[in-house]
Amino acid sequence: MAYSATLLPGDGIGPEVIQAAQRVLEATGVAFDWDVQQAGLGAFEATGDPLPQAVLDSIARTRLALKGPLTTPVGTGFRSINVRLRQHFDLYANVRPAQSLPNTDGPFDGLDILLYRENTEGLYAGIEYFDERNQIADSIARVTRKGSEKIIRFAFEDAKRRGRKRLTLVHKANILKLSGGMFLSIGREMAKDYPGIAFDDRIIDNMAMQLVIHPEKYDCLVTTNLFGDILSDLMAGLVGGLGVTGAANIGDDCAIFEAVHGSAPDIAGQGIANPTAVIRSSEMMLRHIGEMAAADALRRALHATYEDATHLTSDLGGSASTEAFAAHLAERVAQEMETAQV
Ligand code: NAI
Ligand code: MG
């Protein structure tokens, strides 16, 4: 049996890293029936529409997608397709782990922090006004009780299922008394349902500093959309950079897996991008569909590959191409699957 899934190669380094991930997934023996679709800047240039209806129809049917990064024009142009996809399919939880790998030259070893980012509202709600006459720009952060309850509940439940011990809610409720205040009060109230998980909170600016100095003190974080976007890149920097951090966008009956990083136009087309991030997203996808043995094999193979450090990409000081890294990892994954079956 093959899993039906949508594949969005994306823009920039997207097609290169997605192809690498496909190759590694293939090595697990778990079969996917990919419906390949185009979205983003490439689709816009080809068809005039950055989010063709066919993409929405495909994901509506498969409820499962692996996607490469999509380029969003800065300052002007169409709205982010990433944000639109997350809102359209109500993928309210963006799970972004920062987990150390060997030989990544991050400033810390042994980190394992889970960030739960609210993924559909806050400053990304798309409520923006421009008063032409007075030259005043308003970008409104919309925080709803329902949306806050969903992401905070998700964070507690997921942390509990994974046996995690502590959840820190990150906010700016001292200044954003209404939106941040409601988010924080919902967290405090809900914490009473989870006596096994220690709950506390931090103001975002202090949290940024704490993560740079003492990340090992943190376990799970839950926060609103913009803070989660920024903190997850910061956390990527703690464990070896954007080349190694995967992520998942999860809703009640649909999920899209993608890396934290963007389309990296500065290195696109050179075959040197690190595909680890989207490969880790693929591992999350395997766990999401219940293919635990394949996910475990992939994780072991990835750790072994980093332990050896013979096939690292240039972002981590190695000289392997995207393709060489993927070929090496795929071979190890196949071996791991064989060993697991004996
Ligand atoms: P970026 O994440 O694309 O790149 C930041 C830096 O990290 C660059 O120096 C890049 O070369 C490096 N980098 C990123 N991924 C890498 C990888 N796999 N291997 C090696 N190095 C890697 O962020 P940037 O430049 O701010 O954004 C570029 C475009 O991507 C923008 O249009 C932005 O809107 C879009 N974007 C899309 C996302 C998505 O589709 N989920 C997420 C973030 C940005
Ligand atoms: Mg980001």
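What you are looking at is a predicted structure, and each value in this text was computed from that prediction instead of being measured.

All right, on to the packing of aromatic side chains then. Summed over the entire model, instances satisfying the criterion amount to eight aromatic pairs. Relative to Phe32, the ring of Tyr3 lies with its centre 5.7 Å away and its plane at 35°, an arrangement referred to as tilted. Of this pair, Tyr3 sits in strand E1 (residues 3–8) while Phe32 is found in strand E2 (residues 32–36), placing the two residues 29 residues apart along the sequence. You'll find Tyr3 and Phe32 in the same group, each marked buried. Taking the centre distance of 4.8 Å and the plane angle of 15° together, the rings of Phe32 and Trp34 count as stacked. For Arg117, the ring lying beneath its charged end belongs to Tyr124, and the centroid distance is 5.2 Å.

Taken together, 22 residues sit near ligand 1, with Leu70, Gly262, Ala264, Asp266 and Asn274 positioned nearest. The separation between an oxygen atom of ligand 1 and a polar main-chain atom of Gly262 is 2.7 Å. One of the backbone N or O atoms of Ser263 is found 3.0 Å from an oxygen atom in ligand 1. Isolated, ligand 1 exposes 810 Å² of accessible area, and the fraction of that covered by the protein chains is 70%.

A few words on the environment of Val30. Here Val30 shows up in the loop between helix H1 (14–28) and E2. Taking relative accessible area as the criterion, Val30 reaches 11% and is therefore assigned buried. In the structure, Val30 is positioned 27 residues away from Tyr3 in sequence and 8.2 Å away in space, judged by C-alpha atoms. Those residues in contact with Val30 that sit more than four places away from it in its chain are Tyr3, Leu25, Leu286, Glu291 and Ala294.

Here we come to the pairing of strand E9 (residues 198–203). Looking at chain direction, strand E8 (residues 166–171) and E9 are connected through six bridges and run parallel. The residue bridging Leu167 from the neighbouring strand is Phe199, located in E9. One crossover worth recording links E8 to the parallel E9 by way of helix H6 (residues 179–191), and it is right-handed.

Let's shift gears to the sheet that holds E8. Ordered in space as E2-E1-E3-E12-E11-E4-E5-E10-E8-E9, the ten strands form an open sheet in which the pairing is mixed. Both edges of this open sheet fall to E2 and E9, since each of them pairs with a single strand only. For this sheet, the mean angle separating the axes of adjacent strands, direction not counted, is 25°. Where strand E3 (residues 64–67) meets strand E12 (residues 255–259), three bridges bridge the pair, whose relative direction is parallel. Its bridge partner lying in E12, Ala65 is registered against Ile256. Most of the contacts of helix H8 (residues 225–238) go to strand E5 (residues 112–118), to which it runs at about 155°, and overall it touches strand E4 (93–99), E5, E8 and strand E10 (220–223).

Now for the domain arrangement of the protein chain. A common way to express how large an interface is: the accessible area buried when the components associate. Its domain assignment divides the protein chain into domain 1 (1–89 + 254–342) and domain 2 (104–240). Spacing between the C-alpha centres of domain 1 and domain 2 amounts to 25 Å. Counting residues at the interface gives seven residues for domain 1, matched by ten residues for domain 2. Taken together, both faces of the contact between domain 1 and domain 2 bury some 730 Å²; the carbon and sulfur share is 55%.

The terminal C-alpha atoms of H8, which comprises 14 residues, lie 20 Å apart, in line with the 20 Å expected from a rise of 1.5 Å per residue. Where the residues of H8 are buried, they touch E4, E5, strand E6 (122–131), E8, helix H7 (204–213) and E10. Immediately beyond the C-terminal end of H8, within one or two residues, lies Gly240, with a positive phi of roughly 115°.

Take the environment of Val222 next. Relative to the elements of secondary structure, Val222 occurs in strand E10. The class of Val222 is buried, set by a relative accessible area of 0%. C-alpha of Val222 to C-alpha of Phe154: the two residues are 68 residues apart in sequence and 9.5 Å apart in space. Residues in contact with Val222, not counting those within four places in the same chain, are Tyr116, Ile151, Ile152, Ala155, Leu167, Thr168, Leu169, Val170 and Phe183.

The backbone phi angle of Asn103 is positive, close to 60°, even though this residue is not glycine. A positive phi angle, near 60°, is found at Ala309, a position not held by glycine. When you line up the elements, Ala309 lands in the loop between helix H10 (292–308) and helix H11 (322–341). Look at Ala309 and you get partly exposed, because its relative accessible area is 33%.

Once that is clear, we can look at the side chain of Asn82. For Asn82, the location among the structural elements is in helix H4 (residues 81–88). Overall, the relative accessible area of 13% leaves Asn82 in the buried class. In this structure, Asn82 is in contact with Lys67, Leu70, Thr72 and Glu258, ignoring residues within four places of it in sequence.

Glancing now at the layout of surface pockets. Of the volumes computed, that of the largest pocket is approximately 910 Å³. Elements represented by at least two residues in the lining of the largest pocket include exactly H4, E6, H8 and E12. The dominant element in the lining of the largest pocket, judged by the number of residues it contributes, is E6, at five residues. Its residues assigned to classes, the lining of the largest pocket shows 14 nonpolar, eleven polar and nine charged. Both domains that meet at the lining of the largest pocket, namely domain 1 (1–89 + 254–342) and domain 2 (104–240), each give it at least three residues. The space that makes up the second largest pocket amounts to roughly 610 Å³.

Conventions we followed
Residues numbered from 1 in each chain as written. Chains lettered and ligands numbered in written order. Predicted model: local features only at pLDDT ≥ 70, side-chain atom pairs only at ≥ 80, totals over all residues. Heavy atoms only, no water. Phe/Tyr/Trp six-rings, centres within 6.5 Å; stacked < 30°, edge-to-face > 60°. Helix = DSSP H or I, 4+ residues; strand = E, 2+ residues; numbered from the N terminus. Buried < 20%, exposed > 50% of the residue type's maximum accessible area, 1.4 Å probe, protein only. Lys NZ or Arg CZ within 6 Å of the ring centre and 35° of its normal. Near = heavy atom within 4 Å. Polar contact = N/O pair within 3.5 Å; in protein donor to acceptor, adjacent residues only side chain to side chain. Areas by Shrake-Rupley, 256 points an atom, 1.4 Å probe, with all protein chains shown as cover. Contact = heavy atoms within 4.5 Å. Pairing = 2+ DSSP bridges. Right-handed = clockwise from strand over helix to strand, strands pointing away. Axes fitted to C-alpha atoms, helices over the stretch in contact; angles between N-to-C directions. Domains from an automatic or database assignment. Buried area = accessible area lost by both parts, 1.4 Å probe. Expected span 1.5 Å × (residues − 1). 1 Å grid on protein atoms, 1.4 Å probe; cavity = no way out; pocket = protein on both sides within 12 Å on 5 of 7 lines; lining within 4 Å. Points joined across faces, edges and corners; volume = space filled by probe spheres on them. Nonpolar A, V, L, I, M, F, W, Y, C, P; charged D, E, K, R; others polar.

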